[in-house]
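Read off the chains here:
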Amino acid sequence: MEPVLIGPSNFTLLGIPTVIFSLVIPIIGVGLFTYIMAKRIAPLVKAAPDDRFGDIPNRVINVVKIWLAQWRQPRYMTGGILHILIFFGFLSLGIRSTSLVIVGLKEGFVVPGFEGVIGHAYNILKDYAATWVLVACIIAAVRRGIFRPERYDVPKKYGHDHTGEAVFVLGIIATLMITESLFEAAYVAAQVQAGVKPDLAPATIAWLFKNILVGKPTETLQTLHILSYYIHDLTFFFFLCFLPLGKHFHVITSIFNVFFMRTKTGNVKPVQYGVEDDKLDELESFGVKKLEDFTWKHILDFYTCADCGRCSDQCPANAVGRPLSPRFISIKGRDKVFENYPLRGDFKKSEPLIGDIYEEDEIWSCTTCGACEQECPIGIEYIDKIVDLRRGMVDEGMVPQSLQKPLSAIEKRGNPWGKMEKKRADWTKAEEFAETCQVKILDKKEKADVLYFVDSVSSFDDRMQEIAQATARVLTAAGIDFGILGKNEKDSGNEVRRFGEEMLFQDLKEQNMDAVLNSGVRKIVTADPHAFNALTNDYSGLPPVEHISQVVAKAVKSGKLRLKMIEDESRVYTYHDPCYLGRHNNIYEDPREALDALEGIRRVEMLKSRDRSFCCGGGGLMLFYEPEEEERMGVLRVRMAAKAGANVIVTACPFCLVNMEDAIKVAGMEGKMEAIDFVELIDHHIIR
């Protein structure tokens, strides 16, 4: 049977075979796209190396889960569902859009394998896909252009927002859906007129267009058939070339960015891949100072940012008005790449990034809590970039005044307060404590199975020493043979490394590792998540490390620790997830299980909990930093606890406790709210 309408491969317009257009449009489109991509790849080639080719199984899992299954999108339900509809619609229509290009060259082309039942099923699927994508685009355009969720706003200092581009792209996508459906509908309408049974999925755009066109003259149907095809073809290749020009580059790069995203949390990248720690002093420069100092993965991050604002919406520094918004770390980086590597003309010489696109206060404002990375649906990383920029600033002597003294003290005495090393174990000598609990100081004579790594804040801060004492009592009650390093212990260096003082961190790590390995212990326990993170993720070759909450949870389950009923039934508890215990090390349930073992406890969850926990703002050296901010993070967190109906905040981190107790005073909630460390609460309720 002859086709009822002439296809674009055989049609003639004003004596010109339209197949010429079917050939020229793809050639120009693919050629231009190749040229643009070659320019976009150039900065990746010039960037610093990055080791992202290991752990392939987990990388494949990330692609399937985070990219294909869109795992993180529903964390923002409305925007997430719209994105999922458009994403899966695009995937479904990919075969159709590609085959249409060939249809313009060869009449009746069908993708191999799609001739029979599979092809029929696919045609139904792609018709519905085009319909739901069009509807999703309309809703998304109205939402973005009219209702404008706050997280899309762009402060004046960061330039203009990208609403126009977003709506424009939604219009392009809608055009692709409409023209593809119209191309098919015109043909089916002509088939109906010729007495052929139509083959269109009901209640789709194509079905609607067919019903509108079924009574139109053949000449009209022929015109619409050809016109819609070439509008679709031109739009398709225009869109392809437009994608690498702005924030929608993520349509192309996101699958690669997710594949190469970090598969391990809690760690930071080395100063330079391929350079061993003992060779660092041979490097001429540390950290990121100019654009090419970023690794190729970090440039890929810039390209991949979709400007969705989720990272900044969850960023505690941004929430309290600090001069940091993670979203603009990426956007400003991408704009700088585009500026330095233009599509036309010579590449530009890179200038120092600090003072050009980034400000010192902006980079120092980050608490490295990881909320931004946890939220990003396409694997963009920020902590390594921040740390590398800090390394560059430290190398140039640009260290905030308030941080110079604690860093100097750590270098001289191994703790940020500059107190004598021999005083590190003084908390064990407190009269009331020493009468009931004996703590070994591990040396050549004293040995133990377990090392309790105390770290600096619990060793020297008067209030936090109570956490150290409670930890010792809990370990004793659980029948654990433990000891401490005393004066041989140095600060774990978790914050020292993340504040850019890499050589100081390496010195602390070397001294601590020697002390730990010489002690002969078989396991390490700490009550400080920052120490836990450093020992677990930044050190290597140490015995297994556990947080005290893990020890307690196991001891309660095994019956080694028995807990009595909660004493004050009027108290309502809420557990605050420390960033370096939760997000960075995925320890969420152990503390909760141990708390819930307290009979009669009333515990509620804050809205922001587990992997969406809100940073207290006090991690490590942040206790000494004086940021520009409108309100303290700890105060916001205390209010979240009150809103949840709690009057006791349980932390599992000494830094969190410092900030929470201070925030309660600042918020004027003394007498209404209190904070207590996890191990203190457990210690108070042990049946001895």
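Residues numbered from 1 in each chain as written. Predicted model: local features only at pLDDT ≥ 70, side-chain atom pairs only at ≥ 80, totals over all residues. Heavy atoms only, no water.

Novice: Mind showing me how you'd approach the overall build of the chain here?
Specialist: Looking only at helices and strands, the chain has 27 helices and 11 strands in total. Long-range contacts, defined here as pairs at least 24 residues apart, represent 80% of the contacts in the chain between residues at least 6 apart. (Helix = DSSP H or I, 4+ residues; strand = E, 2+ residues; numbered from the N terminus. Contact = heavy atoms within 4.5 Å.)

Novice: What is the right way to read the sheet that holds strand S8 (residues 573–575) from this model?
Specialist: Strand-to-strand pairing in sheets goes through backbone hydrogen bonds, with the strands running parallel or antiparallel. Spatial strand order, S9-S8-S10-S11: 4 strands in an open sheet with parallel pairing. Of all the strands in the sheet, the pair left with one neighbour each is strand S9 (603–604) and strand S11 (674–677). When strand S10 (residues 648–651) meets S11, the two strands line up parallel, connected through 4 bridges. Bridge pairing in S11 links Val648 to Glu674. (Pairing = 2+ DSSP bridges.)

Novice: Looking at this structure, how should I read the pattern of salt bridges?
Specialist: A side chain with one charge may pair with a side chain of the opposite charge, provided their charged atoms come close. A full pass over the atoms with the stated rule returns 55 salt bridges. One salt bridge in this structure joins Lys126 and Glu180, with 2.7 Å as the shortest N-O distance. Of the two residues, Lys126 sits in helix H4 (residues 117–147) while Glu180 sits in helix H5 (residues 163–193), which places them 54 residues apart along the sequence. Per residue, the accessibility class of Lys126 equals that of Glu180, and both read buried. (Salt bridge = Lys/Arg side-chain N within 4 Å of Asp/Glu carboxyl O. Buried < 20%, exposed > 50% of the residue type's maximum accessible area, 1.4 Å probe, protein only.)

Novice: What exactly am I supposed to notice about the pairing of S10 here?
Specialist: Side-chain alternation along S10 places Val648 and Val650 on one buried face and Ile649 and Thr651 on a second face that is also buried. Relative to S10, S8 runs parallel, the two sharing 3 bridges. Across the sheet, Tyr575 pairs through a bridge with Val650, a residue of S10. Each parallel crossover has a hand, and the one from S10 via helix H26 (residues 654–666) to S11 is right-handed. (Right-handed = clockwise from strand over helix to strand, strands pointing away.)

Novice: Would you take a moment to explain the sheet that holds strand S5 (residues 482–484) for this structure?
Specialist: Taken in spatial order, the 5 strands line up as S3-S5-S4-S6-S7 in an open sheet, and their pairing is parallel. Of all the strands in the sheet, the pair left with one neighbour each is strand S3 (440–441) and strand S7 (545–547). Here strand S6 (residues 523–526) pairs with S7 via 3 bridges, running parallel. Within the sheet, the bridge partner assigned to Ile524 lies in S7 and is Val545. On the sheet, helix H22 (residues 529–538) packs against S6 and S7 and is oriented at approximately 160 degrees with respect to S7. (Axes fitted to C-alpha atoms, helices over the stretch in contact; angles between N-to-C directions.)

Novice: Please clarify how unusual backbone geometry should be interpreted in this entry.
Specialist: As a rule of thumb, non-glycine residues mostly have phi less than zero, and peptide bonds are mostly trans rather than cis. Positive phi values are uncommon outside glycine, yet Asp55 reaches one of about 55 degrees. Position of Asp55 relative to the elements: it lies in the loop between helix H1 (19–46) and helix H2 (56–68). The class of Asp55 is partly exposed, set by a relative accessible area of 35%. In this structure, Asn586 takes a positive phi of about 60 degrees despite not being glycine. Summarising the element assignment, Asn586 is placed in the loop between S8 and helix H24 (589–596). Judged by its relative accessible area of 60%, Asn586 falls in the exposed class.

Novice: Where do I start with the domain arrangement of the chain in this structure?
Specialist: For an interface, size is often stated in terms of accessible area lost upon the parts coming together. Taken as a whole, the chain is organised into domain 1 (12–245), domain 2 (289–395), domain 3 (401–558) and domain 4 (572–684). Between domain 1 and domain 3, the C-alpha centre-to-centre distance is 57 Å. (Domains from an automatic or database assignment.)

Novice: How should the environment of Ile378 be read in this particular structure?
Specialist: Topologically, Ile378 is positioned in the loop between helix H14 (371–375) and helix H15 (383–395). By relative accessible area, Ile378 is classed as buried at 10%. Separated by 315 residues in the primary sequence, Ile378 and Val63 place their C-alpha atoms 9.5 Å from one another. In this structure Ile378 touches His250, Ser254, Asn257, Val258, Thr304 and Ala306, once residues within four positions along its chain are discounted.

Novice: Help me understand the packing of H1 against helix H9 (residues 296–304), please; the structure alone is not making it clear to me.
Specialist: Geometry of a packed helix pair, given as the angle between the helix axes and the separation of the axes. Where H1 meets H9, the axes come as close as 7 Å, and the angle between the chain directions of the two elements is 145 degrees. For the element pair H1 and H9, the recorded crossing hand is right-handed. Residue-level inspection shows Arg40, Pro43 and Leu44 of H1 in contact with H9, the latter providing Trp296, Ile299, Leu300 and Tyr303. Tallied by class, the residues present in the contact of H1 with H9 amount to 6 nonpolar, no polar and 1 charged. (Left-handed = near helix turned anticlockwise from the far one by under 90°. Nonpolar A, V, L, I, M, F, W, Y, C, P; charged D, E, K, R; others polar.)

Novice: What is the right way to read H2 from this model?
Specialist: Owing to its 3.6 residues per turn, the α-helix brings residues three or four apart onto one side. Residues of H2 that are buried include every one of Arg59, Asn62, Val63, Ile66 and Trp67, and no others. Close packing links the buried residues of H2 with helix H3 (77–103) and helix H8 (250–259). Positive backbone phi, approximately 55 degrees, marks Gln70, located one or two places after H2.

Novice: It is not clear to me how a negative patch on the surface should be interpreted in this structure. Could you clarify?
Specialist: Taken together, the side chains of Glu359, Glu360, Asp361, Glu628 and Glu630 define an acidic patch exposed on the protein surface. Looking at the element boundaries, Glu630 is found in the loop between S9 and helix H25 (633–643). (Patch = residues over 30% accessible without salt bridge, like charges linked within 9 Å, V, L, I, M, F, W, Y side chains within 5 Å. Areas by Shrake-Rupley, 256 points an atom, 1.4 Å probe, with all protein chains shown as cover. Lys, Arg positive; Asp, Glu negative; His and termini not counted. Charge placed at Lys NZ, Arg CZ, Asp CG, Glu CD.)

Novice: I keep staring at the environment of Phe302 and nothing clicks. Help me out?
Specialist: You can see Phe302 is positioned in helix H9. By relative accessible area, which is 0% here, Phe302 ends up buried. Phe302 sits 35 residues away from Val337 along the chain, and the two C-alpha atoms are 8.4 Å apart. If we skip the residues at most four places from it in the chain, Phe302 touches Phe294, Ile329, Ser330, Gly333, Arg334, Val337, Tyr358 and Lys385.

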